[in-house]
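Given next are the chains, with one letter for each unit.
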Amino acid sequence: MRIRILLVLLAVGGVAPVASGADLKSLERQVRDEVSRFAGTMGVVARNLDTGQRIAVNENLRFPTASLIKVAVMVETFHGIADGSLRRDQTVTLHDADRAGDETVPLNVLHDGTVLTVSDLLRLMIAWSDNTATNLLVGLTGVVRTNRRMEGYGLRNTKIFRPTFRDGKPDVFPELEHEFGLGMTTPADTARLFELIAQGKVVDRATSDEMLAILALQQDRAMIPRRLPFGRDKIFVASKTGWDEEKLPDRAGFRGDVRGDAAYVKGPRGRYVIAILTRRVKDKSPGVDSDALVTGARISRLVYDAFAGPVNGAPRRGRDR
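Definitions and cut-offs
- Residues numbered from 1 in each chain as written.
- Predicted model: local features only at pLDDT ≥ 70, side-chain atom pairs only at ≥ 80, totals over all residues.
- Heavy atoms only, no water.
- Pairing = 2+ DSSP bridges.
- Helix = DSSP H or I, 4+ residues; strand = E, 2+ residues; numbered from the N terminus.
- Buried < 20%, exposed > 50% of the residue type's maximum accessible area, 1.4 Å probe, protein only.
- Axes fitted to C-alpha atoms, helices over the stretch in contact; angles between N-to-C directions.
- Parallel < 35°, antiparallel > 145°, perpendicular 65-115°, else oblique.
- Contact = heavy atoms within 4.5 Å.
- Nonpolar A, V, L, I, M, F, W, Y, C, P; charged D, E, K, R; others polar.
- Phe/Tyr/Trp six-rings, centres within 6.5 Å; stacked < 30°, edge-to-face > 60°.
- Lys NZ or Arg CZ within 6 Å of the ring centre and 35° of its normal.
- Left-handed = near helix turned anticlockwise from the far one by under 90°.

Undergrad: So what's going on with the sheet that holds strand S3 (residues 63-64)? Residues and values would help.
TA: With antiparallel pairing, the 3 strands of this open sheet are ordered in space as S3-S7-S6. In this open sheet, the two strands that pair with only one neighbour each are S3 and strand S6 (159-160). Pairing of S3 with strand S7 (residues 183-185), which is carried by 2 bridges, proceeds in the antiparallel orientation. Following the sheet pairing, proline 64 is matched in S7 by methionine 184.

Put into structure tokens, the structure is as follows:
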């Protein structure tokens, strides 16, 4: 009887009881079903930061990072700011020779001689995944220092090999760059990196919060945020995506796509981190309805409903978080 009364009081107060082991197994089973039907290779890790509950599918498989590695570059940049080797207001001058690729990202449409700060570059690198901004920051931080930083956080499978748009010309680990391209990671490492930031363990709490605020500017919302009920719930999402093509073809000569997304999500009932990585994706359609994005969005919503959505779909009442 006391347990029943406690559960009622928790529900009235807007606090959901911890999900049972059976609920967690059901969630993981549903995620595994989605992964098994996916035409490609997929790995998923999600961890509830309030309860410690965790699901994982192919968590230690190595995937090309594509632009997800820019989170590691951001982390190393903030460490440089913290130790005084870099400043937020430190300026960098953009030259035509610096432009990476022909995408219409901000720095590729600005004039030669534009002066930017390190803070500008950080926001452009994350929010618009600007490769020119990324290369300018990598020029300040270096791939060796960034990789050592990731190792220092215990993320031994997360590495950057070179600046963007420099295929086949790595600064480190040429045999890995040959397969993975810009960088390499695992779902477990990526989720852990977002967890460290969410917990305030990257440099310090204030710096971690600044990184979350930058990640919340992310313009690509086609996977993890895609099906979340923003119209119903108050939700905070801090994320980074990645998209590329495999560097090595399969036996049939086909180069599948690489798609990834990772995020810290806070909803009415809780907080969690999630990483969804894919490679050798058969559906190479460029639109938002590609198989990787749609499957990832379904998995994202399953995790949200289990870890952070309001009980029975009802919006949370009472004190705002």
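Next, the rest of the story.
Undergrad: Tell me about the pairing of strand S9 (residues 257-266), residues and numbers included.
TA: Remember that side chains alternate between the two faces of the sheet whenever the strand is regular. With 9 of 10 residues buried, S9 lies mostly within the body of the structure. Examined bridge by bridge, strand S8 (residues 236-245) and S9 share 10 bridges and lie antiparallel to one another. Within S9, the position partnered with serine 239 by the bridge is alanine 263. Both S9 and strand S10 (residues 271-281) contribute to a ladder of 9 bridges, which runs antiparallel. Each residue of the ladder has a partner; that of arginine 259, found in S10, is threonine 278. Linking S9 back to S10 in an antiparallel pair, the connection comprises 4 residues.

Undergrad: For the packing of helix H2 (residues 21-37) against helix H10 (residues 291-307), give the residues involved together with the corresponding values.
TA: A pair of packed helices is characterised by two quantities: the angle between their axes and the separation of those axes. At a minimum axis separation of 10 Å, H2 and H10 run at an interaxial angle of 175 degrees. Here H2 lies roughly antiparallel to H10, going by the angle between them. Of H10, the residues touching H2 (which contributes Leu24, Leu27, Gln30, Val31, Glu34 and Val35) are Thr295, Arg298, Ile299, Leu302, Val303, Ala306 and Phe307. Of the residues belonging to the contact of H2 with H10, the class tally is 9 nonpolar, 2 polar and 2 charged.

Undergrad: Describe the packing of aromatic side chains, and please don't skip the residues or the numbers.
TA: Considering all chains together, one arrives at 3 aromatic pairs under this definition. Here the aromatic rings of phenylalanine 161 and phenylalanine 173 are separated by 6.3 Å at their centres, their planes lie at 75 degrees, and the arrangement is edge-to-face. Residue phenylalanine 161 is found in the loop between S6 and helix H7 (174-180), and its partner phenylalanine 173 is found in the loop between S6 and H7; the two are separated by 12 residues along the sequence. Phenylalanine 161 gets classed as buried once you look at its relative accessible area, which sits at 0%. Overall, the relative accessible area of 32% leaves phenylalanine 173 in the partly exposed class. Across from the ring centre of tryptophan 243, 3.6 Å away, lies the NZ or CZ of arginine 259, which sits over that ring.

Undergrad: Please give an account of unusual backbone geometry that cites residues and values.
TA: The backbone of phenylalanine 173 shows a phi angle near 45 degrees, a positive value even though the residue is not glycine. The backbone phi angle of valine 203 is positive, close to 65 degrees, even though this residue is not glycine. Summarising the element assignment, valine 203 is placed in the loop between helix H8 (187-198) and helix H9 (205-215).

Undergrad: Just give me the short version of the packing of helix H3 (residues 70-83) against helix H5 (residues 131-141), but keep the residues and values in it.
TA: At a closest axis distance of 10 Å, the pairing of H3 and H5 adopts a crossing angle of 45 degrees. If you check the angle between H3 and H5, you find them oblique. The element H3 and its partner H5 pack so that their crossing is left-handed. Contacts from Lys70, Val73, Glu76 and Thr77 of H3 reach H5 at Asn131, Thr134, Leu137, Val138 and Thr141.

Undergrad: Go over the sheet that holds S10 with me, naming the residues and quoting the values.
TA: Each strand in a sheet pairs with another by means of backbone hydrogen bonds, the pair being arranged parallel or else antiparallel. Strand order across the open sheet formed by 5 strands is S2-S1-S10-S9-S8, with antiparallel pairing between neighbours. Sheet topology places strand S2 (54-57) and S8 at the edges, where each strand pairs with a single neighbour. Put simply, the sheet's adjacent strands are angled 5 degrees from each other on average, direction ignored. When strand S1 (residues 41-48) meets S10, the two strands line up antiparallel, connected through 8 bridges. Counted as the bridge partner of glycine 43 is leucine 277 from S10. Where H2 meets the sheet, it contacts S1 and S2, and its direction lies at approximately 25 degrees from that of S2.

By themselves these figures say nothing about function.
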